[in-house]
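# Architecture and fold: a report
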Amino acid sequence: MVLLVPCAISPLYMDRDLLKQQLKYTLEGTDFDDQGELYRGKVRDNYVNEDTITMVTTDRISAFDRVLGTVPFKGQALVELADWWFGETADIVANHVMRRPHPNVWTVRRCDPIQVEMVVRGYITGVTSTSAWTAYEKGDRNFCGNELPDGMRKNEKLPEPIITPSTKAVQGEHDESVTPSELYKRGVIDPALFKELSRISMRLYERGVSRAADKGLIFVDTKYEFGISKGKIMLMDEVNTPDSSRYWMADDYEKRFEKGEEPRKLDKEYVRTWLAEKGFTGDGKPPKLTDELRIEAASRYMEVVESFTEEPMQLEVGPVDESIYSILNPFAY
Ligand SMILES: Nc1ncnc2c1ncn2[C@@H]1O[C@H](COP(=O)(O)OP(=O)(O)OP(=O)(O)O)[C@@H](O)[C@H]1O
Ligand SMILES: [Mg+2]
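First, a word on what this report is: a plain description of the structure on this page.

## A look at the site of ligand 1
Taken together, 19 residues lie around ligand 1, and Tyr 39, Lys 42, Val 43, Arg 44 and Glu 225 are the ones closest in. Residue Lys 42 places a main-chain N or O atom 2.7 Å away from an oxygen atom belonging to ligand 1. Protein contact buries 89% of the 600 Å² of open area that ligand 1 shows by itself. When grouped by side-chain class, the residues that make up the shell around ligand 1 number eight nonpolar, four polar and seven charged.

Now the structure itself:
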C-alpha cells in the first residue's frame, strides 16, 4: 500500500519513525525489461533508448567507489535537489532533463559523455586516498596542475577555487585525478573544450557557493559531468547533490576550524568518516551499514533538499519500484 504523507508540521527529516518505516522498502534496484537497455551505474539504473534515457535514481549509496547499501528516500532526495539546481543554473548551461515522470525518475536527453569529471574545489579537505588534503599532507604542492601555497590546514578555504579534473573510471575502478595536460596527452579531451568546460564549471560552482550561502551552508566542492547532444554542451548526470558535493554548516565553521575541529557536515562525508573509522577506505569487505546510520544519512540528505527547496518533500512510504513501474507502465497492473 502506498501512503502519501502530506506536509508535516516539523521538517520531515526529523521524523525518524517515517524514515525507519521506509527502511524495508528502499529502492535497491529495478529490472524493467521494457524500458530500454539497462546500464546500471553505482546509483542510477539507466534505461538507454535511441535519443533518451529513462534514468531511475535508486536509494543505493556508494562511497569510495563501492555500493554499500541503501538509504531511505535517497533517490527521491537526489532527484528533487538536482532538479532545483538544474533550474537555478539553466542560464549558465543547458542540462539533460526533459521530464520527471516519478519522484525518482527523469527522462533525459541521451548525450555523448565527455570522459572527464570536472571537480571544483573551494576548500582543501577529504579523507580518501585521492583527496586534495591527502596529497597536500604528503607534501604535494601541485594538485592537478594547481599550485598550492605552503602552510594550509585541513578544511581551509583555498585562495581561489581550483579545477582538478579526474578521469571517469570504468565500473569497479577508482577515478583518477590528473592534470589537464595529461588529459590532452591521453586524447581524452582537447584543450579548447577543456577550457570551455572549466569556464562553465567555475560559474556553476560560484552560483552554488552563493545559493548555499543564502541557506547558511558552505558549498565546499563538487563534481560536474558534461556530454554533447546535437553539437551542444549539456550538463548531465546530476548537479550539486550531497552525492557529488560537500556541504558544511557555515555558522560555526570558523570557530571549529580555529579549534582544529571538523566542520558540521551535511553530505556523504558523514558516511565516509563512519566507514573509515571502521577501517574501510575502499579495499576489502565493506562493513554492513547499520539502520541507525541509514536513518541518519537519510535525514541529512533530506535536510539539504529542504534547505534549498524550502518545501517539505512529498514522501511515499512503500515499495518504490512498484510505484515507478505503475507510472512508467500504467497498463501493467
Ligand atoms: N544524459 C546522459 N547521457 C548519457 N549518459 C549519461 C547522461 N547522464 C548521466 N549519464 C551517465 O549515466 C550514468 C549514471 O549512473 P550513475 O550516476 O549511477 O553512475 P556512476 O556510478 O556515477 O558512474 P559509473 O557509470 O561509472 O558507474 C553515469 O555513467 C553517467 O555518466
Ligand atoms: Mg554518477
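## Let's talk about the pattern of salt bridges
All told, the structure shown has 29 salt bridges when counted by the stated rule. Salt-bridge contacts for Glu 225 lead to Lys 168; the nearest nitrogen and oxygen are separated by 3.2 Å. Of this pair, Glu 225 sits in strand β15 (residues 217–229) while Lys 168 is found in the loop between β13 (166–167) and β14 (176–177), placing the two residues 57 residues apart along the sequence. The class of Lys 168 is partly exposed, set by a relative accessible area of 29%.

## Points about the environment of Ala 297
By secondary structure assignment, the location of Ala 297 is in helix α8 (residues 291–309). Separated by 207 residues in the primary sequence, Ala 297 and Ala 90 place their C-alpha atoms 29 Å from one another. Here Ala 297 is in contact with Val 71, Tyr 270 and Val 271, once residues within four sequence places are set aside.

## Focus on the packing of aromatic side chains
Throughout the structure, instances matching the rule amount to 17 aromatic pairs. Each ring, one from Phe 32 and one from Tyr 47, has its centre 5.6 Å from the other, and the planes form 25°; the classification is stacked. Of this pair, Phe 32 sits in the loop between α1 (16–22) and β2 (37–40) while Tyr 47 sits in strand β3 (residues 44–48), and the two are 15 residues apart along the sequence. Their ring planes at 85° and their centres at 5.7 Å tell us that Tyr 123 and Tyr 253 sit as a pair that is edge-to-face. Of this pair, Tyr 123 sits in strand β9 (residues 112–124) while Tyr 253 sits in helix α6 (residues 253–258), and the two are 130 residues apart along the sequence. Here Tyr 123 matches Tyr 253 in class, with each residue buried. It is Arg 141 that lies over the ring of Tyr 136; its NZ or CZ is 3.7 Å from the centre.

Reading guide: rules and limits
- Counting restarts for each chain: residues are numbered from 1 in the order of the written sequence.
- For this description, chains carry letters from A and ligands carry numbers from 1, given in the order in which they are written.
- Per-residue local features of the predicted model are confined to residues with pLDDT of at least 70, and side-chain atom pairs are confined, for both listing and counting, to 80 or more; whole-chain, interface and lining totals are unaffected and use all residues.
- Heavy atoms throughout the structure, all of them, feed into the side-chain values; hydrogens and water do not.
- Whether a residue is near a molecule or strand depends on its heavy atoms: if one lies within 4 Å, it is near.
- Whenever two N or O atoms come within 3.5 Å, that pair is a polar contact, provided that in protein one can donate a hydrogen and the other can accept it, and provided that, for residues adjacent in sequence, both atoms are side-chain atoms.
- Note that accessible areas follow from Shrake-Rupley with a 1.4 Å probe, and for residues the cover is restricted to the protein chains shown.
- Three classes are used: nonpolar for Ala, Val, Leu, Ile, Met, Phe, Trp, Tyr, Cys and Pro, charged for Asp, Glu, Lys and Arg, and polar for all others, with Gly counted as polar.
- Salt bridges are defined by distance alone: a side-chain nitrogen of Lys or Arg within 4 Å of a carboxyl oxygen of Asp or Glu.
- Where helices and strands are cited, they refer to DSSP runs of H or I of at least four residues and of E of at least two residues respectively, numbered from the N terminus.
- Burial classes: relative accessible area under 20% of the type maximum marks a residue as buried, over 50% as exposed, and values in between as partly exposed (1.4 Å probe, protein chains only).
- Two residues qualify as a contact provided that any one of their heavy atoms is within 4.5 Å of a heavy atom in the partner residue.
- Paired rings are identified among Phe, Tyr and Trp, the last through its six-membered ring, by centres lying within 6.5 Å, and are further divided according to the angle between planes into stacked (under 30 degrees), edge-to-face (over 60) and tilted (the rest).
- Whether a charge lies above a ring is judged from NZ of Lys or CZ of Arg, which has to be within 6 Å of the ring centre and within 35 degrees of the ring normal.

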